[in-house]
Amino acid sequence: MKKVICFGTFDLLHIGHLDYFTQAKNHGDYLIVVLARDSTKKQEQKDIAFCEHERLQLISSLKIVDEAVLGNQEDHFKIIEEKKPDIIFLGYDHPPIEKLLKEKFNVPVLRGQPYKTHQHKSSIIRNKVLG
C-alpha cells in the first residue's frame, strides 16, 4: 500500500481543497491529511474561521481522506517521521521546500496543480464570506 501525505490549513473547505486531495490520492492508495495547528496559524498572524478540532472533524469526514491528523506544534517534520509516507504531496502554493524534504526523508516530493485559482482560492473565498 502506497501512503501519500499532504498538508494544509483547510479552513473554509472548498472545491479547490477537494481537488488537491484527489490529486494527492491519485499517487497512492492511502491519503493522510495533516492539518495546521491553530498555534501555527497564530504565529503566522493568520486568522482562521474554524478551530483545529473543527477542521479535523470536517476533513476526517471526507471519503477520499483515509486519515486526518493535526500537525506537531514544535516540529513540523515529526508527523512525516511518524507516518512514514511513500510520497509527500505539496500544494501548488506551498513554500518551496522540496529539496529539504527529499534530503531529509528520501521520498518523492510532488506538487499539485492549481484549481481555478481565480475563484477557488482560500483567500478569495475568505474575503467573500468573511468580508
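What you see is a predicted model, and the numbers here were worked out from it, not measured in a lab.

Basis of the calculations
One numbering rule holds for all chains: residues counted from 1, following each sequence as written. In keeping with the model being predicted, local features are shown solely for residues with a pLDDT of at least 70 and side-chain atom pairs are shown and tallied solely at 80 or more, while totals for entire chains, interfaces and linings include all residues. Excluded from the side-chain calculation are hydrogens and water; included are all heavy atoms of the structure. Strands here mean DSSP runs of E at least two residues long; helices mean DSSP runs of H or I at least four residues long; both are numbered from the N terminus. Buried residues are those whose accessible area, probed at 1.4 Å on protein chains only, stays under 20% of the maximum for their type, while exposed residues exceed 50% and partly exposed ones sit between those limits. In what follows, a contact means two residues having at least one pair of non-hydrogen atoms within 4.5 Å. All accessibility values rest on the Shrake-Rupley procedure with a 1.4 Å probe; residue burial counts only the protein chains present in the view. Each patch groups residues whose relative accessible area exceeds 30% and which form no salt bridge, using 9 Å between like charges and 5 Å between nonpolar side chains of Val, Leu, Ile, Met, Phe, Trp and Tyr. In what follows, salt bridge is the name for a side-chain nitrogen of Lys or Arg lying within 4 Å of a carboxyl oxygen of Asp or Glu. The charge count treats Lys and Arg as positive and Asp and Glu as negative. His and the chain ends do not count. By convention, charge coordinates are those of NZ in Lys, CZ in Arg, CG in Asp, or CD in Glu. Only rings of Phe, Tyr and Trp enter the pairing, Trp through its six-membered ring, and a pair is recorded when the two centres are within 6.5 Å. The plane angle decides the type: under 30 degrees is stacked, over 60 is edge-to-face, the rest tilted. Any pair of nitrogen or oxygen atoms within 3.5 Å is treated as a polar contact; in protein, a donor-acceptor pairing is required on top of that, and neighbouring residues in sequence qualify only through side-chain atoms on both sides.

Quick word on the overall build of the chain
Along the backbone of the chain there are 6 helices and 5 strands. Listing every helix and strand of the chain by position from the N terminus yields β-α-β-α-α-β-α-β-α-β-α. A total of 131 residues make up the chain; the buried ones form 41% of that total. Restricting to contacts in the chain with at least 6 residues of sequence separation, those with at least 24 account for 62%. Total accessible area on the chain stands at roughly 7,700 Å², and carbon and sulfur atoms take up 51% of it.

Quick word on a negative patch on the surface
Residues Glu74, Asp75, Glu81 and Glu82 make up a contiguous surface patch of negative charge. Residue position: Glu74 is located in the loop between strand S3 (67-70) and helix H4 (78-83).

Considerations on the packing of aromatic side chains
For the structure shown, the criterion picks out 5 aromatic pairs. Seen in terms of ring centroids, Tyr20 and Phe21 are 6.0 Å apart; in terms of plane orientation they differ by 40 degrees. Their pairing is tilted. Both residues of the pair, Tyr20 and Phe21, count as buried. Between Tyr20 and Phe89, the ring centres sit 5.7 Å apart and the planes meet at 35 degrees, which makes this aromatic pair tilted. Remark: Phe89 occurs in strand S4 (residues 87-90) and Tyr20 occurs in helix H1 (residues 15-25); sequence separation between them is 69 residues. In this structure, Tyr20 and Phe89 share a single accessibility class: buried. Here the aromatic residues Phe10, Tyr20, Phe21 and Phe89 are joined through ring pairs into a cluster of three or more.

Observations regarding the pattern of salt bridges
All chains considered together, the criterion is met by 6 salt bridges. The partner of Lys25 in a salt bridge is Asp66, and the shortest N-O contact between them spans 2.7 Å. A residue pair is termed long-range when its members are at least 10 positions apart, and Lys25 in helix H1 and Asp66 in the loop between helix H3 (52-60) and S3 qualify at 41 residues. For the salt bridge of Lys83 with Glu67, the shortest nitrogen-to-oxygen distance reads 2.4 Å. In this pair, Lys83 sits in helix H4 while Glu67 sits in strand S3, placing the two residues 16 residues apart along the sequence.

Remarks on the environment of Asn72
Here Asn72 shows up in the loop between S3 and H4. Sequence separation of Asn72 and Arg37 is 35 residues, and the distance between their C-alpha atoms is 7.6 Å. Of the polar contacts made by the side chain of Asn72, one reaches the backbone nitrogen of Glu74; its length is 2.9 Å. A distance of 2.8 Å separates the side chain of Asn72 from the backbone nitrogen of Asp75, its partner in a polar contact.

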